[in-house]
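Each chain, letter by letter, is given below.
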Amino acid sequence: KIIEIQYNQLTKETQKQVDCLADNIYHEAGHEPEDGKVAVALVTLNRVQDPRYPKDICGVVKQKTRATCQFSWFCMKHKPVDKAKEVYEQARNVAVHVYVNYEKLPDITGGALFYHADYVHPRWKLEKTTVIGRHIFYKEKGDERI
């Protein structure tokens, strides 16, 4: 059963993790449809479940590999100071919903650990799982978790 909970009902530590998830959703998919926001949240949480990534959401969002940020917005020198309030609230609502219901939600990304915008063309040797909004999602070839 899907749990409906409000942000202010979460513990302070959980709020911190949800804030990192909301920031990632906001910057990565703030203007995507809701399923695009959910998909970014799922990839973030899929990484938390994978032993090769940090064990919490903030660690995953802020992770760098050889000075390269996993989520490009996090390393941008000119991060936007003001968040568009309505867009951020939507991102935070999605973050709370996905965080609380992660185990119960269908993974619309097909188990993806990676994605990029459709206007970027990385030379990844990964298996494409789906396209949602402006993002293309991938998992490693042979990854049968989903």
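Above this note sits the structure.
These numbers were taken from a predicted model, which means no experiment stands behind them.

Draft legend 1. The nonpolar core, seen in detail. Judged by nonpolar contacts, the single largest core of 44 residues is most densely connected at L21, I25, L45, I57, V98 and F137. Counting only elements with at least two residues in this core, the list comes to α1 (12–29), α2 (34–49), α3 (57–62), α4 (85–101), β3 (114–117) and β5 (135–139). Per-element accounting of this core gives the leading share, eight residues, to α2. Look past the residues within four positions of L21 in its chain and what remains in contact with it is A41, T44, L45, I57, A95 and Y99.

Draft legend 2. The side chain of N101, seen in detail. Position of N101 among the secondary structure elements: in helix α4. Overall, N101 belongs to the buried group, its relative accessible area being 0%. One polar contact links the side chain of N101 to the main-chain carbonyl oxygen of H97, over a distance of 2.9 Å. Leave out the neighbours within four places in its chain, and N101 touches K1, I2 and I3.

Draft legend 3. Just the state of the cysteines, in detail. Counted according to the given criterion, the structure contains two disulfides. Disulfide pairing is shown between C20 and C58; the S-S distance is 2.0 Å. The disulfide joining C20 to C58 has a torsion of about 95 degrees about its S-S bond and is therefore right-handed. You can see C20 sitting in helix α1 and its partner C58 sitting in helix α3, a full 38 residues away along the chain. What pairs with C69 in a disulfide is C75, and their sulfur atoms sit 1.6 Å apart. Its torsion about the S-S bond being 55 degrees, the disulfide of C69 and C75 is classed as right-handed. Numbered by position along the chain, the disulfide-linked cysteines of the protein chain connect as 1-2, 3-4.

Draft legend 4. Just the sheet that holds β5, in detail. Ordered by their spatial adjacency, three strands build an open sheet running β3-β5-β4, and the pairing between neighbours is antiparallel. Every other strand in the sheet has two partners, leaving β3 and β4 (127–132) as the edge strands with one partner each. Direction aside, neighbouring strands of the sheet carry axes that sit 25 degrees apart on average. In this sheet, β5 lies alongside β4 in antiparallel orientation, the contact comprising five bridges.

Draft legend 5. View of the pattern of salt bridges. Per the stated rule, a full pass over the model turns up four salt bridges. Residue R52 pairs with E140 through a salt bridge whose shortest N-O separation is 2.8 Å. On the criterion of sequence distance, the pair formed by R52 in the loop between α2 and α3 and E140 in the segment after β5 is long-range, its members being 88 residues apart. On the basis of relative accessibility, which here comes to 48%, the residue R52 falls in the partly exposed class. In this structure, K85 and E89 form a salt bridge, with 2.9 Å as the shortest nitrogen-oxygen distance. Highlighted residues: K85 and E89, both in helix α4, separated by four residues, approximately one helical turn.

What counts and how
Residues numbered from 1 in each chain as written. Predicted model: local features only at pLDDT ≥ 70, side-chain atom pairs only at ≥ 80, totals over all residues. Heavy atoms only, no water. Core = buried A, V, L, I, M, F, W, Y, C linked by side-chain atoms within 4.5 Å. Buried < 20%, exposed > 50% of the residue type's maximum accessible area, 1.4 Å probe, protein only. Helix = DSSP H or I, 4+ residues; strand = E, 2+ residues; numbered from the N terminus. Contact = heavy atoms within 4.5 Å. Polar contact = N/O pair within 3.5 Å; in protein donor to acceptor, adjacent residues only side chain to side chain. Disulfide = S-S within 2.5 Å. Pairing = 2+ DSSP bridges. Axes fitted to C-alpha atoms, helices over the stretch in contact; angles between N-to-C directions. Salt bridge = Lys/Arg side-chain N within 4 Å of Asp/Glu carboxyl O.

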